[in-house]
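Remarks on the overall topology
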Amino acid sequence: MPAFVIHCHGVRGSVPVSGPQFHHYGGATTCFEIEHRTDHRVLVDMGTGALNIPALLPDDQPVRFTVFLTHLHWDHVLAIPFFGPLYQPSNEFDFYGHPVMGMSIEEAIDAVMRPPWFPVTFRGSAAKKRFHHLDGEAVVVDDLTVRHTRLHHPGGVTAYRLERRGAAIVIATDVEHGEEASDAELLEFTRGADLLIYDAQYLPQEQASIRAGWGHSTWRAAAELARRAEVGRLLLTSHDPGRVDEEVDRVVEEARRYFPATDAASEGMTVVIPAAPGL
Ligand SMILES: [Zn+2]
């Protein structure tokens, strides 16, 4: 049995896109699922990629969702109002994340999921919802241990390290490199992981000019981090909404010159990470 099976439901940054030029990598925004149980789904973020999930659910039993939110920018929560299981009273949701700008997770989502922006309120949705503000302690979900840290991004962002059966994966999207404390923290947090999923939204020349301070990183910083942290594999994510398939292909080629075990996440991709020997 592998330690992790990760489903990439959405890997686009900033805003969903569609069109044949995005066919391979996909247009839905960030949502990763860590395969757990049929009736208990573990997600990191609920960008529009989460809308691929309801079709995969059993139709005859309640489902529990454990959702780790990196932050509350639109592209990471946009599926929530449109997520059918949220309106079924037998379903349960546990949301984990950090409060932002003095608002709890519930208050922040409810502030924008309500008329006139949406016909119903978040608080009024039928499923049972629980909210957990992260405080530095690891979260344990059955056999899964989830650690977190805060990194550099406008308003802050949470990165997650998930550990199971002697293996570890790190999901660090929407992080801008170049801030000393954040870079050092991420290096330690990532060290030795079997898989690093990392924000490569911008090209190095974009990040170095007009897009400096916009909160994203590059394939170059991704490869550098992967090498220094001695991770097993690197998966680039948060592809820029303007980056067509051939351009993402070129990004992967460039990154592989620095860190050969690099791929770009694509919508519908599944990544399997084996358990440590003997576990
Ligand atoms: Zn963001």
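Up top is the structure these notes are about.
A short tour of the structure in this document, coming up. None of the values given here were measured: they were computed from a predicted structure. (Residues numbered from 1 in each chain as written. Predicted model: local features only at pLDDT ≥ 70, side-chain atom pairs only at ≥ 80, totals over all residues.)

Across its full length, the protein chain holds six helices and 14 strands. Here the C-alpha atoms of the protein chain give a radius of gyration of 18 Å, agreeing with the 19 Å that 2.2 N^0.38 yields for 279 residues. Based on the C-alpha atoms only, the size of the protein chain along its principal axes is roughly 50 × 50 × 40 Å. Out of the 279 residues in the protein chain, the part that is buried amounts to 47%. (Helix = DSSP H or I, 4+ residues; strand = E, 2+ residues; numbered from the N terminus. Rg over C-alpha atoms; globule rule 2.2 N^0.38 Å. Buried ≥ 20, exposed ≤ 12 C-beta atoms within 10 Å, placed from the backbone.)

Of all hydrophobic cores here, the largest spans 74 residues; its most connected members are Ile169, Leu196, Ile197, Ala222, Leu234 and Leu236. The biggest single contributor to this core is helix H5 (residues 219-228), with six residues. With sequence-adjacent residues up to four places away left out, alanine 222 is seen in contact with Tyr198, Ala200, Ser217, Leu234, Leu236 and Ala255. (Core = buried A, V, L, I, M, F, W, Y, C linked by C-beta atoms within 7 Å. Contact = placed C-beta atoms within 7 Å.)

Since there are 3.6 residues in each turn of an α-helix, residues three or four apart along the chain are aligned in direction. Of all 10 residues in H5, seven are buried, a share of seventy percent or more. Taken together, the buried positions of H5 are Trp219, Arg220, Ala221, Ala222, Ala223, Leu225 and Ala226. For H5, the secondary structure elements touched by its buried residues are helix H3 (180-190), strand E11 (195-199), helix H4 (204-207), strand E12 (233-237), helix H6 (245-258) and strand E13 (262-264). One or two positions beyond H5, positive phi appears at glutamate 230, with a value near 55°.

Counting buried residues in E12 gives four out of five residues, a clear majority hidden from the surface. Of the pairings in the sheet, the one linking E11 to E12 comprises five bridges and is parallel in character. Note that in E12 the partner of aspartate 199 across the bridge is threonine 237. Across three bridges, E12 lies against E13 in parallel orientation. Looking at E13, one finds that leucine 236 is bridged to alanine 264. Chirality of the crossover, the property in question, places the unit of E12, H6 and E13 among those that are right-handed. (Pairing = 2+ DSSP bridges. Right-handed = clockwise from strand over helix to strand, strands pointing away.)

As summarised here, the arrangement of the seven strands in space is E6-E5-E4-E3-E2-E1-E14, forming an open sheet in which the pairing is mixed. Of all the strands in the sheet, just strand E6 (128-133) and strand E14 (270-273) have a single pairing partner and so form its edges. Recorded for the sheet is a direction-independent mean angle of 20° between the axes of neighbouring strands. (Axes fitted to C-alpha atoms, helices over the stretch in contact; angles between N-to-C directions.)

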